[in-house]
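Reading the structure
Here is what each chain is made of, one letter per residue.
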Amino acid sequence: MLAIYKRELKSYFNSMMGYAVLFVFLLLVSIYFWGVNLGNQDGYIGDTLQSVCVIYTIILPILTMRVFAEEKRNKTDQLLFSAPVRIWSIIWGKYLAVVTFFSLPFVVICSMPLVLSRYGTVIFLKSYVAIFVFWLLGCVMLAMGVLASSLTENQIVAAVIGFAANISLFIMAQVANLISSSASASLIGLSILCLLGIALVFAFVRNIIITGMLLIILETALQVVYHIKSDLFEGVFTKVLSGISFYSRFGEFIGGSFSIASVVYYVSFIFLFLYFTMHVIQKRRWS
Amino acid sequence: MIEVKNLVKKYGNHVAVNNLSFTVEDGQVYGFLGPNGAGKSTTMNMIIGYLSATEGEILVDGHDVFEEPEKAKKCIGYLPENPPLYVDMTVYEYLTFVAELKKVPKKDRMSQIEKVMKMTHIEDVQGRLIKYLSKGYRQRVGLAQAILGFPKIIILDEPTVGLDPKQIIEIRKLITELSKNHTIILSSHIMQEISAVCDHILIINKGQLVAEGSPEELAEMATGSQEVSLRIKGEKSKVEKVINALKHIHRKEYKETVEEGTVEVLLFADQEHDIREQVFYSFAKENLPILHMHAIVKSLEEVFLEVTTDSKGEKKLLAHKETQETAEEKATSVELEKSIEKESEE
């Protein structure tokens with residue numbers, strides 16, 4: 001795992017792309033910091049981070065797009081998968097390398113509250129929790145990007161998949177607040193969500209019977225519950241959407257409420273995405 | 001030792017490898033021979049655990065590739081068809097990475113890397129980025145990578161594709177050298193390459209093992225009949241009369257005349273009876289001089305074509321075409337090799 005980690009990290013330093021992405025990221029964070037914190041005389045770094053988190057949707061897929069796609073394209077994956085190393089540790093080696101590279105600008109970000117403390121009072125614990133969660137959110141998105149990269153051998157396609165997934169998660173948080181909280185709207189929303197989920201399952205399993213059965217069971221369950229007790233559905237869709245979205249959970253943190261459940265939620269999604277990545281790679285060997 | 005038992009690999013409805021079984025003994029050079037798309041690479045990829053089998057099992061040194069992949073993979077060095085190189089690394093960095101990946105103990109790493117670079121003659125380029133290397137050098141770096149760690153078994157998938165004849169000879173020498181301490185499996189669709197370096201040949205066609213044995217055994221196997229070509233001075237009617245009187249001949253083919261006043265003929269006979277003496281005396285009796293007599297021994301190439309083509313007419317035609325092409329190919333490459341050998345002698 002260490003060998004792969006070192007090689008992967010070195011390749012980020014060897015490519016222009018890596019530096020460019022970090023530069024843009026840091027530049028944007030700094031501009032927002034200047035505007036939001038320094039300009040408004042605001043002592044809380046979380047406000048900057050919340051405004052700037054939308055750029056994750058663009059820069060993180062670019063960082064992760066080459067992780068597996070390039071290996072497959074250059075056929076170097078044959079070297080990795082014929083070496084006496086577990087697939088799981090190959091994935092972790094690569095993931096930790098990209099996380100390490102992505103963490104570099106946080107050295108600068110971590111110094112920002114110190115700068116602010118020169119001009120007024122800063123609540124350090126709250127500030128650093130905000131930075132930590134901001135970093136953790138990035139880590140989840142990186143894991144998702146690694147998964148996207150394992151799906152294809154074209155880097156651009158990998159980046160687009162990552163971007164699409166990211167942006168829909170981001171928009172989800174916004175959309176959740178717009179939808180009416182009536183029970184029927186919730187039912188429709190949940191049905192669509194079910195359909196999307198089932199489509200995802202189908203993409204992995206590729207078995208029309210199993211997925212079809214699953215869809216029918218879920219839909220009937222929804223309908224039955226709706227007809228028996230429709231007031232249960234009120235506002236449910238909004239809750240579900242904001243529950244799923246990594247970004248709305250991030251918003252809660254910035255608001256000042258630290259929830260262990262959300263941290264666990266993030267960490268378990270990192271594992272889940274990497275587990276899916278392993279599944280995709282294994283599947284390719286079997287097909 | 002590698003044991004492959006009833007191996008099957010299906011891609012959807014397409015059967016790439018069909019019930020393949022064979023055993024690779026230690027300390028020998030094995031050659032996989034087969035036309036393009038015969039399933040050579042697929043089989044190799046399954047042995048090293050890159051692809052999984054639909055059915056069947058593979059034991060490498062007693063370890064099942066699918067059950068205990070790490071242990072099995074540790075015994076094997078592999079050079080795929082396209083050398084798996086990270087082009088943004090220098091040769092030395094790359095080999096260091098591979099050594100770490102293969103879990104070569106830290107104290108041996110340096111010396112092993114030096115050794116494999118020496119064996120594959122890439123010391124001069126060790127500081128260069130792989131992306132600036134030529135195809136031949138890349139192939140050699142790939143080979144160095146496969147040798148690194150000095151595993152028991154080294155698998156090489158078409159190791160000489162895209163190399164010039166001089167490099168081909170170098171790689172062959174290296175393979176012969178390696179075979180003293182390692183079991184080697186290599187694949188190729190070029191017969192003379194296989195017959196030059198291999199102790200044992202497995203001919204694969206459409207995912208099935210169609211013939212197996214040493215080069216000599218295979219050649220013997222295919223020579224079921226005896227062929228003698230003749231050039232006789234004299235009138236055709238006289239010659240025909242003599243030939244018709246010969247014994248044990250089951251087929252004859254008259255060819256176009258090459259020299260004026262001669263007859264060109266190809267005779268087929270049972271293997272048990274050498275017809276040459278009989279031919280000589282019969283023509284001598286009729287005062288017809290034999291200008292040219294040649295018994296044809298089948299080459300590995302013909303064996304290969306015989307076992308890999310169907311008996312249907314269509315396929316035969318295709319095979320015939322291929323024979324011509326490969327024969328030409330062979331001729332040119334042999335010439336090239338000869339000229340290079342001459343040069344190096346000088």
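Please read all numbers here as calculations on a predicted model, not as lab measurements.

A few words on the pattern of salt bridges. All names here are of chain A. Taken as a whole and judged by the stated rule, the model has 18 salt bridges over all chains. For Glu70, the salt bridge goes to Arg66, with nearest N and O atoms at 3.3 Å. Residue Glu70 and its partner Arg66 are both found in helix 5 (residues 66–74); the two are separated by four residues, about one turn of the helix. When its relative accessible area of 28% is taken as the criterion, Glu70 is described as partly exposed. For Arg66, a relative accessible area of 13% gives the class buried.

This next bit is on helix 1 (residues 40–47) of chain B. Residue and element names in this part refer to chain B. A large share of helix 1 lies buried, amounting to seven of its eight residues. Residues of helix 1 that are buried: Lys40, Thr42, Thr43, Met44, Asn45, Met46 and Ile47. Positive phi shows up at Gly49, right after helix 1, with a value of about 85°.

Moving on, we come to the interface of chain B and chain A. If you look at the interface, chain B gives 29 residues, while chain A gives 23 residues. A combined buried area of about 2600 Å² lies between chain B and chain A, and 57% of that area is made up of carbon and sulfur atoms. Of all residues in chain B, B:Tyr50, B:Tyr86 and B:Leu101 bury the most surface against chain A, accounting for 27% of the area lost on that side. For the interface between chain B and chain A, the tally reads three salt bridges. Notably, a salt bridge pairs B:Glu70 with A:Arg86, separated by 2.9 Å at the nearest N-O pair. Here chain B and chain A share seven residue pairs in polar contact (both at pLDDT 80 or more) between them. Those elements giving two or more residues to the side of chain B that touches chain A turn out to be strand 1 (2–11), helix 2 (69–74) and helix 3 (91–101) of chain B.

Attention shifts here to the sheet that holds strand 5 (residues 63–64) of chain B. Residues and elements named next belong to chain B. Ordered in space as 2-1-4-5, the four strands form an open sheet in which the pairing is antiparallel. The open sheet terminates on both sides in strands that have one partner only, identified here as strand 2 (14–24) and strand 5. Pairing of strand 4 (residues 55–60) with strand 5 involves two bridges; the strand directions are antiparallel. Paired with Leu59 across the two strands is Asp64, which belongs to strand 5.

Once that is clear, we can look at the sheet that holds strand 9 (residues 200–205) of chain B. Residues and elements named next belong to chain B. Sheet architecture is open: six strands sit in the order 6-7-8-3-9-10, paired in mixed fashion. Strand pairing shows two members of the sheet lacking a second neighbour, strand 6 (76–79) and strand 10 (208–213), which therefore form its edges. Sheet twist, expressed as the average angle between the axes of neighbouring strands with direction ignored, equals 15°. Across the sheet, helix 5 (residues 135–147) lies against strand 6 and strand 7 (153–157), angled at about 170° from strand 6, the strand it touches most. Running over the sheet, helix 6 (residues 165–178) touches strand 3 (29–33), strand 7 and strand 8 (183–188) and is turned about 150° from strand 8.

Our next topic: the confidence of the model for chain A. Averaged over all residues, the pLDDT of chain A equals 86, while 98% of them reach at least 70. Least confident of the elements in chain A is helix 12 (residues 236–244) of chain A, whose mean pLDDT is 76; most confident is helix 7 (residues 87–117) of chain A, at 93.

What follows deals with the nonpolar core. The biggest cluster of nonpolar side chains holds 158 residues, and the ones touching the most others in it are A:Tyr95, A:Phe134, A:Tyr266, B:Val60, B:Tyr94 and B:Phe97. In contact with A:Tyr266, not counting residues within four places along its chain, are A:Val133, A:Leu136, A:Leu137, A:Val140, A:Phe246, A:Arg249, A:Phe250 and A:Phe253. Ranked by size, the runner-up nonpolar core spans 15 residues in total, among them B:Val228, B:Val242, B:Ala269 and B:Leu288.

Each pair of packed helices can be summarised by the angle the axes make with each other and by the distance between the axes. Residues and elements named next belong to chain A. At a minimum axis distance of 10 Å, the contact between helix 8 (residues 124–151) and helix 13 (residues 246–254) shows a crossing angle of 170°. One finds that helix 8 runs roughly antiparallel with respect to helix 13. Only Phe246, Tyr247, Phe250, Phe253 and Ile254 of helix 13 make contact with helix 8, whose side of the interface consists of Lys126, Ala130, Val133, Phe134, Leu137, Val140 and Met141. A breakdown of the residues in the contact of helix 8 with helix 13 according to their chemical character gives 11 nonpolar, no polar and one charged.

For helix 7 of chain A, with 31 residues, the first-to-last C-alpha span of 46 Å sits near the 45 Å given by 1.5 Å per residue. Considering bend angle alone, the principal kink of helix 7 of chain A is centred on A:Pro105 and spans about 30°.

Residues and elements named next belong to chain B. Note that strand 12 (residues 249–255) and strand 13 (residues 262–270) share six bridges and pair antiparallel. By the bridge assignment, Tyr254 is partnered in strand 13 with Val265. The turn linking strand 12 back onto strand 13 is made up of six residues, and Gly261 within it adopts a positive phi angle of 75°.

Here the focus is the side chain of A:Ser82. In this fold, A:Ser82 is placed in helix 6 (residues 77–82). Looking at A:Ser82, its side chain comes within polar contact range of the main-chain oxygen of A:Gln78, at 2.6 Å. With residues up to four places along the chain from it excluded, the contact list for A:Ser82 reads B:Ile48, B:Lys73 and B:Tyr78.

Reading guide: rules and limits
Residues numbered from 1 in each chain as written. Chains lettered and ligands numbered in written order. Predicted model: local features only at pLDDT ≥ 70, side-chain atom pairs only at ≥ 80, totals over all residues. Heavy atoms only, no water. Salt bridge = Lys/Arg side-chain N within 4 Å of Asp/Glu carboxyl O. Helix = DSSP H or I, 4+ residues; strand = E, 2+ residues; numbered from the N terminus. Buried < 20%, exposed > 50% of the residue type's maximum accessible area, 1.4 Å probe, protein only. Contact = heavy atoms within 4.5 Å. Buried area = accessible area lost by both parts, 1.4 Å probe. Polar contact = N/O pair within 3.5 Å; in protein donor to acceptor, adjacent residues only side chain to side chain. Pairing = 2+ DSSP bridges. Axes fitted to C-alpha atoms, helices over the stretch in contact; angles between N-to-C directions. pLDDT = per-residue confidence, 0-100. Core = buried A, V, L, I, M, F, W, Y, C linked by side-chain atoms within 4.5 Å. Parallel < 35°, antiparallel > 145°, perpendicular 65-115°, else oblique. Nonpolar A, V, L, I, M, F, W, Y, C, P; charged D, E, K, R; others polar. Expected span 1.5 Å × (residues − 1). Bend = angle between axes of the 7 residues up to and from the residue.

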